[in-house]
Amino acid sequence: GAGVSQTPSNKVTEKGKYVELRCDPISGHTALYWYRQSLGQGPEFLIYFQGTGAADDSGLPNDRFFAVRPEGSVSTLKIQRTERGDSAVYLCASSQGFLGSPLHFGNGTRLTVT
Amino acid sequence: DAKTTQPPSMDCAEGRAANLPCNHSTISGNEYVYWYRQIHSQGPQYIIHGLKNNETNEMASLIITEDRKSSTLILPHATLRDTAVYYCIVRVVNAGNMLTFGGGTRLMVKP
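Now for a description of the structure that goes with this document. Residues take numbers from 1 onward in each chain, read along the sequence in its written order. Key to labels: chains lettered from A, ligands numbered from 1, both in the order written. Given that the model is predicted, a residue must reach a pLDDT of at least 70 before its local features are reported, and side-chain atom pairs must reach 80 or more before they are shown or counted; all residues, however, enter totals for whole chains, interfaces and linings. Side-chain metrics in this entry use all non-hydrogen atoms of the structure; hydrogen atoms and water are not considered.

Strands here are runs of E lasting at least two residues and helices are runs of H or I lasting at least four, both read from the DSSP assignment and numbered beginning at the N terminus. A tally of regular secondary structure across chain B gives zero helices and nine strands. For chain B, the N- to C-terminal ordering of α and β elements is β-β-β-β-β-β-β-β-β. Every radius of gyration here is taken over C-alpha atoms, with the globule rule written as 2.2 Å times N^0.38, N being the number of residues. The C-alpha radius of gyration computed for chain B amounts to 13 Å, which stays within 12% of the reference 13 Å derived for 111 residues, consistent with globular compactness. Remark: exposure states derive from per-residue accessible area (1.4 Å probe, protein chains only) relative to the maximum for the residue type, with buried under 20%, exposed over 50%, and partly exposed in between. Within the span of chain B, comprising 111 residues, buried residues form 45% of the whole. Here the contacts in chain B between residues at least 6 apart in sequence split such that 58% fall between residues at least 24 apart. Surface accessibility follows the Shrake-Rupley procedure with a 1.4 Å probe radius. Residue values consider only the protein chains on display as shielding. Surface summary for chain B: the accessible area is close to 5,600 Å², and the carbon and sulfur share equals 49%. We call two residues contacting when some pair of their heavy atoms lies within 4.5 Å.

Let us now look at the environment of Arg81(A). Residue and element names in this part refer to chain A. Topologically, Arg81 is positioned in the loop between β8 (75-79) and β9 (88-95). According to the relative accessible area criterion, Arg81 is partly exposed, its value standing at 46%. A C-alpha to C-alpha distance of 24 Å links Arg81 and Gln41, two positions 40 residues apart in sequence. The residues touching Arg81, leaving out its near neighbours within four places in the chain, are Gly16, Lys17, Asp63 and Arg64.

Moving on to the interface of chain A and chain B. Taken together, the contacts link 19 residues of chain A with 20 residues of chain B. What counts as a salt bridge is simple: a side-chain nitrogen of Lys or Arg found within 4 Å of a carboxyl oxygen of Asp or Glu. For the interface between chain A and chain B, the tally reads zero salt bridges. Think of a polar contact as two N or O atoms within 3.5 Å of one another; within protein, one of them needs to be a possible hydrogen donor and the other a possible acceptor, and neighboring residues in sequence only count if both atoms come from side chains. At the surface where chain A touches chain B, the tally comes to six residue pairs in polar contact (both at pLDDT 80 or more). For the side of chain A that touches chain B, the elements supplying multiple residues, two or more each, are β4 (31-37) and β5 (44-50) of chain A. Examining the composition of the side of chain A that touches chain B, we find that three residues originate from one element, β4(A), more than from any other. Along the lines of polarity and charge, the residues of the side of chain A that touches chain B split into ten nonpolar, eight polar and one charged. Under the scheme applied here, ten amino acids are nonpolar (Ala, Val, Leu, Ile, Met, Phe, Trp, Tyr, Cys and Pro), four are charged (Asp, Glu, Lys and Arg), and all others, including Gly, are polar.

What follows deals with the pattern of salt bridges. Residue and element names in this part refer to chain B. Taken as a whole and assessed by the stated rule, the structure comprises six salt bridges over all chains. Between Lys110 and Asp11 there is a salt bridge, and its shortest N-O distance comes to 3.1 Å. Remark: Asp11 occurs in strand β1 (residues 9-13) and Lys110 occurs in strand β9 (residues 105-110); sequence separation between them is 99 residues. Of the charged contacts in the structure, one is a salt bridge between Arg37 and Asp82, with a shortest N-O distance of 2.8 Å. With Arg37 in strand β3 (residues 31-38) and Asp82 in the loop between β7 (70-75) and β8 (84-92), this residue pair connects regions lying 45 residues apart in the sequence. Each member of the pair, Arg37 as well as Asp82, is classed as buried.

Spatial relationships are all this shows, so hold off on functional conclusions.
Set out below in structure tokens:
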């Protein structure tokens, strides 16, 4: 079946611009996660949704980062006033949401801020 | 979540078993051990998880010591396509609890 889909796969933007990154989870998965991965590092947690609501947003680095999941399926990660330090691969994952269900990741969006 | 300790890198000959160790000496009774791997330019891929019993699936086997303070992921017949970074993660199993990734082990399978 289809896995987690992330678009675009690559995004280049100028410093100060606004960007949106999209995640289509596996159909029927109620939980959705965003992570960020810098070169040579492991993925770093940003935010987790259960259904439409953000259950844990403790990983968002500052208020320039925001994510929504209005209908409990597709999610959008929004970054305002991008900075060069925001350059990274942004990963999305989904899970069935029951106890212990594993996360399944997409291949990420590579964001480059110039 | 408990921290894990993994060797930064390992080599394995193609066709041989790859045994990847992980220490999690501070693991709690409600924490599972998960293994993921990440091949270059791809997202992390789920491999296997367990609580205290050994587990096996089509990808790998997971051996957890009786005191649960360490575990080993076994790839029985490594191929070149198994070259990846392997992450051992302990996770409190509440519904939806996220994964916290460490540095992982970079496994290089050599012909």
